[in-house]
Amino acid sequence: MTDDRPEDSESDTDVSGPSRSDPAPTTTGDDSREQMADAIAEIRREGWKAAITTGIVDAAVAFLLANLVVVILEPGWMPARVAVPASVTGPLGDAVGADLSAAAVPGSATAAVVVAAATFATVVWWHVRKPLVEQFESVNPALSEKLRTARDAVEADADSRMARRLYEDVLADLRESSAFALVNVGRLGAMTIVIVALSLATLQVAVLDLALLEQPNATTDVDGEERRQNYTGLLDGEEVLGDREEVSAGEENKTAEIESTGGGRDVDEDRTFPEREQTGGSSGGGSGVDSQQAEFAAPDQVEDAELVREYNQQIRDQDQAGGTGGTDGDGDSNGGN
Amino acid sequence: MQDEPDIADDVEALQAKVATAREEVGKRIVGQKDVLEQLFVCILADGNALLESNPGLGKTTMVRTVAEVTDLSFSRVQNTPDLMPSDITGTEIIRETEDSREFVFEKGPIFANVVLADEINRATPKTQAALLEAMQERQVTAGGETYDLPEPFFVLATQNPIDQGGTYALPEAQTDRFMLKLVVDYPGGDEERDIVDLYTSGSRTVPVERVLTTAEIQEVQDLVREIPIAEDLRDRAIELVRATRENEAIEFGASPRASMALVVASKARAFLHGRNHVSEDDIEALAAPVLRHRIILDFRAERDGQTPDDVIETLLE
């Protein structure tokens, strides 16, 4: 049998008992049945090995994937580090001669280990749920039906002439068979590539410290807020009014009539105010009202606004100190000049 | 195995002899390979066969040739409505000796290894029952004495599906005693040409060799029963038979005797094919011959034109 072979010799596993180079043994009925029983046990071992191999690879993929997802998402409920139970650290610490009571593993790794363990158990169960002897038959068509018949005959302790003949026939065919096909090599290769890719991705994420769901720090700028509340000067127009937006121009035209009190004459014609010729600065009479574009200073021009406001205040104070002028009928201010 | 006979050589030699016997029968029977195989299955499984076909298809020739290629004794019973049970089983006669008279049992034609019961459905039910009882019990009782039938013992009965006037259809309880029902169909065009050429030129009879002894046949019958069968295949055979009791198209299904017949016949077919184990192909190939005479179709299925073979085919799917 292949018990003395290295575990990785699956590719040419011989489950048939004596090797092909051995001389044909002289067997009795009991011998052939025993050999058949040993061969079937070996087939089952090969089936378990194939299932465990696949389970380990899939569990590795699940571990890396789960770890990567947890590191990227960084869910709030996941503790950053999980303390290792004392039942583990105690004996381990005693073994290595160190105090491991404070040992802890990252939360992401803990979650990944749980996912990997579940994946391993599921994959192994999935592979061994069908009888291993029949799985072996399916990858070795030459043994189809006869291997399971031999299995049932061995379990029934059959030792008839035809049963012995069947055992010898099956043992001979097993020498030409292999358990290698129990492992899906293509899938295994693909999984290996996935493992490499996930490993690289894990390294990349660790270097960049990427956290998609990481919450921003909730530290508030108290001083800045107080300063903003105490400020009484000009404010940023965009901040006060909000974002600029396009508005549609009005389409409705209205005619307005204003009775004049200064001219002493009747209004006999429609006029549009303000009259263009009277709004100019050179009108002399100063009866017109110049329209000006109102605007707010931008935050970076606060100093200028302060200066303008200060000048305006000084001018206003000088005007009050220099005597109060009347207001004529046009509403113009008669200053000291 | 130095002290024991070489099993492998023994079995292979017997398998070769059975194959040769089939070839010998094939010299006389052109085509009909499936029927011939099933007939050998029946013999190796130690069962009885019911052959059904129209007249002139070589049923009698086939059975007679099977007896000739072996050293089995052969007898033929042509069933008619006036045939009495004692005509088959035998009867006690008074034999006079020098000083007295004594009753002596005169064995009937049933005391042979191979009994061909031609047109069994033409015999009265009483005669049919006597024949089939002997077939089942492997013994005959007359005048308070029991006489064992020779071993091996086969009854190969034929019946004609047409011209049913004056016939007595076999009751289901009696058809159940036949392991297989073989349907001999018309040969193909090429085969019919070969048959005509074979029997209309040269010798009137085609010679065959005797290749199997009675002891060898009994040895093969023992080996057949020793062939292992996987549990899932055995269960498949049983489930197939059980399904006949639940199918809507079947009014009466097959009995557990059918399950036993299907398994042992599958073993015999495996032996014929040189295998040491039963295959699913064996079960599927023999399902119809084992079951077709053991089920009674529902009248709705019959109205729809279904045959037992059609229903069995659906069960196999």
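Residues numbered from 1 in each chain as written. Chains lettered and ligands numbered in written order. Predicted model: local features only at pLDDT ≥ 70, side-chain atom pairs only at ≥ 80, totals over all residues. Heavy atoms only, no water.

(A) A look at the overall build of chain B. Across its full length, chain B holds 13 helices and 11 strands. Taking all 317 residues of chain B together, the buried fraction comes to 51%. Relative to all contacts within chain B whose residues are 6 or more apart in sequence, the contacts with residues 24 or more apart total 76%. (Helix = DSSP H or I, 4+ residues; strand = E, 2+ residues; numbered from the N terminus. Buried < 20%, exposed > 50% of the residue type's maximum accessible area, 1.4 Å probe, protein only. Contact = heavy atoms within 4.5 Å.)

(B) Representation of the overall build of chain A within the structure. Scanning chain A from N- to C-terminus turns up 10 helices and 2 strands. Counting helices and strands in the order they occur from the N terminus, chain A gives α-β-α-β-α-α-α-α-α-α-α-α. The buried share of chain A, taken over its 337 residues, is 27%. Residue pairs in contact within chain A that sit at least 24 positions apart in sequence constitute 74% of those at least 6 positions apart. As presented, chain A carries roughly 23,200 Å² of accessible surface, and 53% of it is formed by carbon and sulfur atoms. (Areas by Shrake-Rupley, 256 points an atom, 1.4 Å probe, with all protein chains shown as cover.)

(C) Focus on the confidence of the model for chain A. All names here are of chain A. Averaged over chain A, the pLDDT score is 72; the fraction of residues at 70 or greater is 63%. Confidence drops under a pLDDT of 50 for residues 1-26, and excluding neighbours within four residues, the segment shows 51 contacts in the predicted structure. Long-range and interchain partners of residues 325-337, a stretch whose pLDDT sits below 50, account for 10 contacts in this model, where long-range means more than four residues apart. (pLDDT = per-residue confidence, 0-100.)

(D) Molecular detail of the sheet that holds strand 8 (residues 154-159) of chain B. Residues and elements named next belong to chain B. Strand order in the open sheet formed by 5 strands is 2-5-8-1-9, with parallel pairing between adjacent strands. Because the sheet does not close on itself, it has two edges, and the strands there are strand 2 (74-78) and strand 9 (180-183). Each strand of the sheet is rotated relative to its neighbour by a mean of 20°, with strand direction disregarded. In the sheet, strand 5 (residues 114-118) pairs with strand 8 via 4 bridges, with the strands oriented parallel. Paired with Val-115 across the bridge in strand 8 is Val-155. (Pairing = 2+ DSSP bridges. Axes fitted to C-alpha atoms, helices over the stretch in contact; angles between N-to-C directions.)

(E) Broad picture of the packing of aromatic side chains. If you walk through the whole model with that rule in mind, you get 3 aromatic pairs over all chains. Look at Trp-125 of chain A and Trp-126 of chain A: their rings are 6.1 Å apart centre to centre, the planes differ by 55°, and that puts the pair in the tilted class. With a relative accessible area of 48%, Trp-126 of chain A lands in the partly exposed category. Aromatic pair Phe-105 of chain B and Phe-111 of chain B: ring centres 6.0 Å apart, planes at 75°, arrangement edge-to-face. Classification of Phe-111 of chain B as buried rests on a relative accessible area of 16%. (Phe/Tyr/Trp six-rings, centres within 6.5 Å; stacked < 30°, edge-to-face > 60°.)

(F) Seen up close, a nonpolar patch on the surface. Residues and elements named next belong to chain A. Together, Trp-48, Ile-52, Ile-56 and Phe-120 make up a nonpolar patch on the protein surface, roughly 360 Å² of accessible area in all. Of the residues forming the nonpolar patch, the biggest block, 3 residues, is contributed by helix 1 (residues 29-73). Take Phe-120: it is sitting in helix 3 (residues 107-128). (Patch = residues over 30% accessible without salt bridge, like charges linked within 9 Å, V, L, I, M, F, W, Y side chains within 5 Å. Salt bridge = Lys/Arg side-chain N within 4 Å of Asp/Glu carboxyl O.)

(G) Local environment of the packing of helix 9 (residues 231-243) of chain B against helix 11 (residues 280-291) of chain B. All names here are of chain B. Following both chains from N to C, one finds helix 9 and helix 11 inclined at 25°, their axes separated by 11 Å at the closest point. It follows from the interaxial angle that helix 9 and helix 11 lie roughly parallel. Two packed elements cross with a definite hand, and for helix 9 against helix 11 that hand is right-handed. Residue-level inspection shows Leu-233, Arg-236, Ala-237, Leu-240 and Val-241 of helix 9 in contact with helix 11, the latter providing Glu-280, Ile-283, Glu-284, Ala-287 and Leu-291. (Parallel < 35°, antiparallel > 145°, perpendicular 65-115°, else oblique. Left-handed = near helix turned anticlockwise from the far one by under 90°.)

(H) Examining the side chain of Gln-128 of chain B more closely. All names here are of chain B. If you trace the backbone, Gln-128 turns up in helix 5 (residues 125-137). Looking at Gln-128, the relative accessible area reads 1%, which means it is buried. Within the structure, Gln-128 has its side chain in polar contact with the backbone oxygen of Ile-120 (distance 3.1 Å). Among residues more than four places away in sequence, those in contact with Gln-128 are Ile-120, Asn-121, Ala-123, Tyr-168, Ala-169, Leu-170, Pro-171 and Gln-174. (Polar contact = N/O pair within 3.5 Å; in protein donor to acceptor, adjacent residues only side chain to side chain.)

(I) The interface of chain B and chain A, seen in detail. With 26 residues of chain B at the contact, the number on the chain A side is 18 residues. The junction of chain B with chain A conceals about 1,900 Å² of combined surface from both sides, 52% of it contributed by carbon and sulfur atoms. Joining chain B to chain A, the criterion identifies 4 salt bridges. Across the contact surface, chain B and chain A share 10 residue pairs in polar contact (both at pLDDT 80 or more). At the level of secondary structure, the elements contributing two or more residues to the side of chain B that touches chain A comprise helix 1 (7-28), helix 8 (214-226) and helix 9 of chain B. Tallying contributions element by element places helix 1 of chain B first for the side of chain B that touches chain A, with 5 residues. Residues that form the side of chain B that touches chain A fall into these classes: 12 nonpolar, 5 polar and 9 charged. (Buried area = accessible area lost by both parts, 1.4 Å probe. Nonpolar A, V, L, I, M, F, W, Y, C, P; charged D, E, K, R; others polar.)

(J) Inspection of the pairing of strand 4 (residues 101-107) of chain B at higher detail. Residue and element names in this part refer to chain B. When strand 3 (residues 90-96) meets strand 4, the two strands line up antiparallel, connected through 7 bridges. Along strand 4, the bridge assignment pairs Glu-92 with Phe-105. Hairpin geometry of strand 3 and strand 4 is characterised by an intervening segment of 4 residues between the two adjacent antiparallel strands.

(K) Expanded view of the confidence of the model for chain B. All names here are of chain B. Scored by pLDDT, chain B comes out at a mean of 86, with 97% of its residues at no less than 70. Every residue in residues 1-5 scores below 50 in pLDDT, and together they form 8 contacts with partners more than four places removed in sequence or on other chains. Among the prediction metrics, the complex's ipTM stands at 0.81, with pTM recorded as 0.67.

(L) Seen up close, unusual backbone geometry. Residue and element names in this part refer to chain B. Between Glu-151 and Pro-152 the backbone carries a cis peptide bond, its omega angle lying at -10°. Structurally, Pro-152 is set in the loop between strand 7 (145-148) and strand 8. Of note in the backbone geometry, Glu-119 takes a positive phi value of approximately 50° without being a glycine. With respect to the helices and strands, the residue Glu-119 is situated in the loop between strand 5 and helix 5. If you check the backbone angles, Arg-138 has positive phi at about 60° while not being a glycine. Positionally, Arg-138 belongs in the loop between helix 5 and strand 6 (139-142).

(M) Up close: the environment of Val-208 of chain B. All names here are of chain B. Its location among the elements puts Val-208 in the loop between helix 7 (189-199) and helix 8. Judged by its relative accessible area of 19%, Val-208 is buried. Taking C-alpha positions, Val-208 is 5.7 Å from Glu-24, a pair spaced 184 residues apart along the chain. Filtering out sequence-adjacent residues up to four positions away, Val-208 remains in contact with Glu-24, Arg-28, Thr-65, Glu-68 and Val-69.

(N) Spotlight on helix 3 (residues 59-69) of chain B. Most of helix 3 of chain B sits inside the fold, with 8 of its 11 residues counted as buried. Residues of helix 3 of chain B that are buried: Lys-59, Thr-60, Met-62, Val-63, Thr-65, Val-66, Ala-67 and Val-69 of chain B.

(O) Molecular detail of the pattern of salt bridges. Residues and elements named next belong to chain B. Inspection of the entire model under this criterion finds 38 salt bridges over all chains. Arg-236 is the partner of Glu-284 in a salt bridge, and the nearest nitrogen-oxygen pair spans 3.0 Å. Of this pair, Glu-284 sits in helix 11 while Arg-236 sits in helix 9, and the two are 48 residues apart along the sequence. Bridged by salt links that share partners, the residues Arg-22, Glu-37, Arg-269, Arg-275 and Asp-282 form one connected network.

(P) Summary view of the side chain of Gln-38 of chain B. Along the chain, Gln-38 of chain B falls in helix 2 (residues 33-44). Not counting chain neighbours up to four residues away, the residues in contact with Gln-38 of chain B comprise Leu-180, Leu-182, Ala-285, Leu-286 and Pro-289 of chain B.

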